[in-house]
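Reading the structure
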Amino acid sequence: MKSEVRVVVIGGGVVGVSALYHLAKKGWGDDVVLVEKAELTSGSTWHAAGLLPLFNMSYSVGQIHKYSVKLYQELEQETGQPVGFNQVGNLRLAMNQDRMDEYYQYAATARTIGIDVQFLTPGEIKKLWPLCNIEGLVGGIFHSDDGYIQPADLTQALAKGARKRGATIYRNTAVLAIEQSSSGNWLVKTASGDISCEHIISATGNYARQTGEMVGLDLPVIPVEHQYIVTEPHPELVKRRENGEPELAVLRESDGSWYLREENCGFLLGPYEKGAPCCYVDGPDPRAECELFQEDIDRLVPHIEAAMARVPAFAEVGMKKVYNGAIAYTPDGNPIIGPAWGLDNFWLNEGHSFGITAAGGAGWQLAEWIVEGEPTIDMLGVEPRRFGDYATKSYLIEKNEETYAHVFVIHYPDEERPAARPLRTAPCYERLKSMGAVFGQKFGWERANWFATDGMVQEDDWSFRRSKWFSAIGREIANVTANVGLLDMTAFAKCRISGPGAESFLDYFVANRLPKKVGGIGLCHALNKSGGVHSEFTILRESDDSFYLVSAGGLQRLDHDYLQKQLPKSGSVRFTQLTGANGVLVIAGPKSRELLQRVSRADFSNEAFRWLTSQNIVVGMAPVNALRINYVGELGWELHHGLEYQNHIFDALFAAGEDLGLKPFGIRAMDSMRIEKSYRMVGTELSIEYSAYESVMDRFIQPDKGDFLGRDGLLESKKTGLKNLLVTLEVRGVEDADALGNNALLRDGELVGRATGGGFGFRVNKSLALGMVQPEFSGLGTELEIDILGKTFKAVVVPDSPFDPQNERLRDVNGAND
Ligand SMILES: Cc1cc2nc3c(=O)[nH]c(=O)nc-3n(C[C@H](O)[C@H](O)[C@H](O)COP(=O)(O)OP(=O)(O)OC[C@H]3O[C@@H](n4cnc5c(N)ncnc54)[C@H](O)[C@@H]3O)c2cc1C
């Protein structure tokens, strides 16, 4: 056994073997090994149904799946090892208009990443799938490129390809422990010897939590039981084969929550049942191999009945075997692919519930990340650090079971699921609730999405179109614009960077200049190596050697881990986590100054309290750090405070603000207002896939200030020519639906970009979108087309910040509200 290599991959399922293959393909073949405790594929891989669905609502996962399917089509030719890829196509049925809307929204995402989707009428469905009863169908979509594969053969082909390039696989070799030396090198301990390495990739499927424990990680992965049924052959399918007719496409009735494909002239039916339990909660037996569970037919019955109604032939054959196996899950159903938090060179490739489909793309991007230092696509949707400490084992059990049962629900863009809630609540949670708040969950926090007022029922109304909350957020925005509103942003990620080296460290870490004066505030971005935007921080200088950093709540672990991994080893810079200690209440609107003046002795005039500055003040009797900034483009302050003071501050504001019209507003109102200001957001307009210049962040980038992280890559991106530019678009002619993001942007029918976000701008009374387009289409006045739920509308490039382009309101330039 080799005792020293660059990378050890742990786990010989399809996911681990694909990572090995891709590292070998990058030229590291002689320096990578894979260690499998039993035989290859003896975890979940061997019994998978082998489906390769291209369909996925996530931009990251969509690209990963697309890569995989293409790779698998070519793998047999490359390796000489058959993979059993049956490119039979994939047909998804729709039984209602909301489902069709979901397909339209998906098709737009698919189009932007180059996946071909056809829409079919019920008649066309019947032609394609003659055994399908089309009663009650409104339509469907068809992918001709996907189908199913033999998972074990695929794994063997990847193993062959990896070995051919020098990689080594050790079977029957369990990893028993992992240690890290003071130099940072890893020591992987196995019964057959120890291997020292620079990098470890954990691809251990159902054992993910056990592997994580070896290095002190609590991974957000727990498997759920998943079953499928294989039937005896059906005479009709046998006849079709004898007649030389092709296999039927994989069929999915999303509304009945099942998939169906042919298997040896019989059927294979896989449902996503309600009530499927988590399994291996305390981990599988270390000796478990090719394990299946006792089937649970009762759980399958509703889906069997639904399938019989849709495909009567299915009722005519006997059941041959039921497979009930473990399928790894995370709380949102997407895998975790990327760096582990708190550890250098420990990579996660775990939590795969569509692991056969995702293995290729996951291995591709991990190899890019490890060898080149960066992935090449935006991996936010599968980032391991998108979850936090709140994802405890008890949380995972509730959430993963819910996610499994929801695989086939309609994935509304504003969907909020009920399990494991409320978990993290700000002190003002109950107060907001009594004011009509309809909450969503972000990073475990309850956040008010909108307020049900004027007799509205206090519950959400999900849709791809403008729904019940549309008028409610219109009222919230009208009040912020005319009076003053309060938004709870306690979920913000907050930390302090301090110490003698703090200033020089941060100056290198971000692309903007740091605020010079104590109390000054700057919007700063941490780039990745190639000049894309990794993280966005509001940075406040507290003193010569102390800075307060605020970033998106949902990205707390990602942002803080990225930052902490860059800290100098000398110990000259300290990181202090403040997220759970500090609350944030945002006050915004023309009357915010008058309101604050009533509850505080501080001077809030333009002269005494300038835009982009902060002051330690007292509100009521509570100490508060007030920051004169906001994300909605109005005069306003963020009040940061010790959490224990929150309700005191909240009550003082509302007691003083009634006659000023103080009312709460929610996240959806904020999002509409930020689009009107063309404010970019990490994960949509800002991403590692686009250079900061492509996101047109020039005024926050100071290439002349000296070296900073990502500077070379950023300058290189400009030198080689920007491929995209971010624009603001006015969308004309829409009636009941606005751009949701991931919409195709077209010119004369040709794809020229993608909308990254959108919505209705209530203050400008226009439907708006932000989007990335090829530079030649970024000129003001350029007329493009945008696809919204299958219809094409005119989208005109307009100047940034359609609302108050000179920032007169937030700066209150005339002191009108002094
Ligand atoms: C019934 C069923 C049907 C499915 N159908 C599909 C489908 O149609 N399409 C699809 O895309 N996905 C499907 N899946 C999901 C798919 O099976 C998994 O996502 C995929 O197999 C995960 O692969 P993996 O390599 O991550 O995990 P695994 O295949 O479980 O491999 C992990 C490996 O790690 C090894 N290991 C663990 N700990 C150690 C250690 N300490 N030392 C050494 N080795 C270790 C294990 O022995 C195992 O071989 C299905 C799952 C089930 C249960």
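Presented here is a report on the structure given in the accompanying data block. (Residues numbered from 1 in each chain as written. Predicted model: local features only at pLDDT ≥ 70, side-chain atom pairs only at ≥ 80, totals over all residues. Heavy atoms only, no water.)

**What about the pattern of salt bridges?**
Evaluation of the coordinates by the stated rule reveals 50 salt bridges. Residue D282 pairs with K393 through a salt bridge whose shortest N-O separation is 2.7 Å. Taken together, the positions of D282 in the loop between β13 (266–271) and α8 (297–310) and K393 in helix α10 (residues 393–405) put the pair 111 residues apart, joining distant regions of the chain. Judged by relative accessible area, which is 30%, K393 ranks as partly exposed. It is possible to trace a salt-bridge network through shared partners that takes in E225, E273, D296 and R299. (Salt bridge = Lys/Arg side-chain N within 4 Å of Asp/Glu carboxyl O. Helix = DSSP H or I, 4+ residues; strand = E, 2+ residues; numbered from the N terminus. Buried < 20%, exposed > 50% of the residue type's maximum accessible area, 1.4 Å probe, protein only.)

**Points about the environment of D804**
Its place among the elements puts D804 in the loop between β35 (791–798) and α19 (808–811). Along the primary structure D804 and K677 are separated by 127 residues, whereas in three dimensions their C-alpha atoms are 7.5 Å apart. Excluding anything up to four places from it in sequence, D804 contacts G633, K677, R809 and L810. (Contact = heavy atoms within 4.5 Å.)

**A look at the sheet that holds strand β10 (residues 224–231)**
If you trace the 8 strands from one edge of the open sheet to the other, you get β4-β5-β3-β11-β12-β13-β10-β14, paired in mixed fashion. Edge positions in the sheet fall to β4 (118–120) and β14 (319–327), since each of these pairs with one other strand and no more. Across the sheet, the mean angle separating the axes of adjacent strands is 20° when strand polarity is ignored. As judged from the 4 bridges shared by strand β3 (residues 90–94) and strand β11 (residues 250–253), these two strands associate in the parallel manner. Paired with L93 across the strands is E253, a residue of β11. (Pairing = 2+ DSSP bridges. Axes fitted to C-alpha atoms, helices over the stretch in contact; angles between N-to-C directions.)

**Focus on unusual backbone geometry**
That bond from R421 to P422 is cis: its omega, -10°, falls within 30 degrees of zero. For D454, which is not glycine, the phi torsion reads 55° and is therefore positive. If you check the backbone angles, S801 has positive phi at about 55° while not being a glycine. Along the chain, S801 turns up in the loop between β35 and α19.

**Structural notes on the packing of aromatic side chains**
Following the criterion strictly, the structure yields 30 aromatic pairs and no others. Seen in terms of ring centroids, Y429 and F439 are 4.5 Å apart; in terms of plane orientation they differ by 40°. Their pairing is tilted. Residue Y429 is located in helix α11 (residues 429–434), and its partner F439 is located in strand β17 (residues 437–442); the two are separated by 10 residues in the primary sequence. Of the two residues examined, Y429 and F439, each falls in the buried class. (Phe/Tyr/Trp six-rings, centres within 6.5 Å; stacked < 30°, edge-to-face > 60°.)

**Notes on the site of the ligand**
Surrounding the ligand, one finds 36 residues, the nearest of these being E36, S44, T45, L51 and H352. Within the contact set of the ligand, an oxygen atom lies 2.8 Å away from a backbone nitrogen or oxygen of H352. In the complex, 97% of the free accessible area of the ligand, which totals 1,000 Å², lies under the protein chains. Of the residues that constitute the shell around the ligand, the class distribution is 16 nonpolar, 18 polar and 2 charged. (Near = heavy atom within 4 Å. Polar contact = N/O pair within 3.5 Å; in protein donor to acceptor, adjacent residues only side chain to side chain. Areas by Shrake-Rupley, 256 points an atom, 1.4 Å probe, with all protein chains shown as cover. Nonpolar A, V, L, I, M, F, W, Y, C, P; charged D, E, K, R; others polar.)

**Quick notes on the side chain of D146**
Residue placement: D146 occurs in the loop between β5 (139–143) and α5 (151–164). No salt bridge forms around the buried D146; measuring N to O, its nearest opposite-charge neighbour R252 is 5.6 Å away. Contacts of D146, omitting those with residues within four sequence positions, involve L52, P53, L54, F85, N86, Q87, V88, G89 and N90. (Lys, Arg positive; Asp, Glu negative; His and termini not counted.)

**Quick word on the packing of helix α1 (residues 14–28) against α5**
Working note: a packed helix pair is described by the angle between its axes plus the distance between those axes. Between α1 and α5, the shortest axis-to-axis distance is 8 Å and the interhelical angle comes to 25°. Considered as vectors, α1 and α5 are oriented roughly parallel to each other. Where α1 crosses over α5, the handedness of that crossing is left-handed. The segment α1 lies against α5, with V14, V17, S18, L20, Y21 and A24 engaging L154, T155, L158, A159, G161 and A162. The residue inventory of the contact of α1 with α5, partitioned by class, reads 9 nonpolar, 3 polar and no charged. (Parallel < 35°, antiparallel > 145°, perpendicular 65-115°, else oblique. Left-handed = near helix turned anticlockwise from the far one by under 90°.)

**Remarks on the nonpolar core**
If you look at the biggest cluster of nonpolar residues, it comprises 63 residues, and the most contacted ones within it are L23 and I201. When sequence neighbours within four positions are dropped, the list of residues in contact with I201 reads V7, V8, V9, I10, A19, L23, W347, N349, L366 and I370. Counting 54 residues, the second-largest nonpolar core is a separate cluster that includes A208, V250, L343 and Y404. (Core = buried A, V, L, I, M, F, W, Y, C linked by side-chain atoms within 4.5 Å.)

**Quick word on the pairing of β17**
Counting buried positions along β17 yields 5 of 6 residues, so the element is predominantly enclosed. As paired elements, β17 and strand β18 (residues 445–451) share 6 bridges and run antiparallel to each other. Looking at β18, one finds that F439 is bridged to A448. Between β17 and β18, which pair antiparallel and follow one another directly, the connecting turn spans 2 residues, one of which, F443, has a positive phi of 50°.

**Remarks on the pairing of strand β28 (residues 636–642)**
Within β28, 7 of the 7 residues are buried, leaving the element largely enclosed by the surrounding structure. With 7 bridges connecting them, strand β25 (residues 582–588) and β28 associate as antiparallel partners. Note that in β28 the partner of N582 across the bridge is G642. As paired elements, strand β27 (residues 622–627) and β28 share 4 bridges and run antiparallel to each other. For N625, the partnering residue across the bridge sits in β28 and is H640.

**Description of helix α9 (residues 355–372)**
With 18 residues, α9 should reach 26 Å at 1.5 Å per residue; the first-to-last C-alpha distance of 24 Å fits that figure. The principal kink in α9, of about 25°, is found at G361. In terms of burial, α9 is a largely internal element, 16 of the 18 residues being buried. Positive backbone phi, approximately 95°, marks G373, located one or two places after α9. (Expected span 1.5 Å × (residues − 1). Bend = angle between axes of the 7 residues up to and from the residue.)

**Focus: helix α12 (residues 469–482)**
Under the 1.5 Å per step criterion, the end-to-end length of α12 is 20 Å for 14 residues, consistent within 8% with the ideal 20 Å. Every buried residue of α12 is listed here: W469, F470, A472, I473, G474, E476, I477, N479 and V480. The secondary structure elements touched by the buried residues of α12 are β18, β19 (484–488), β25, β29 (662–664), α17 (667–676) and β32 (750–761).

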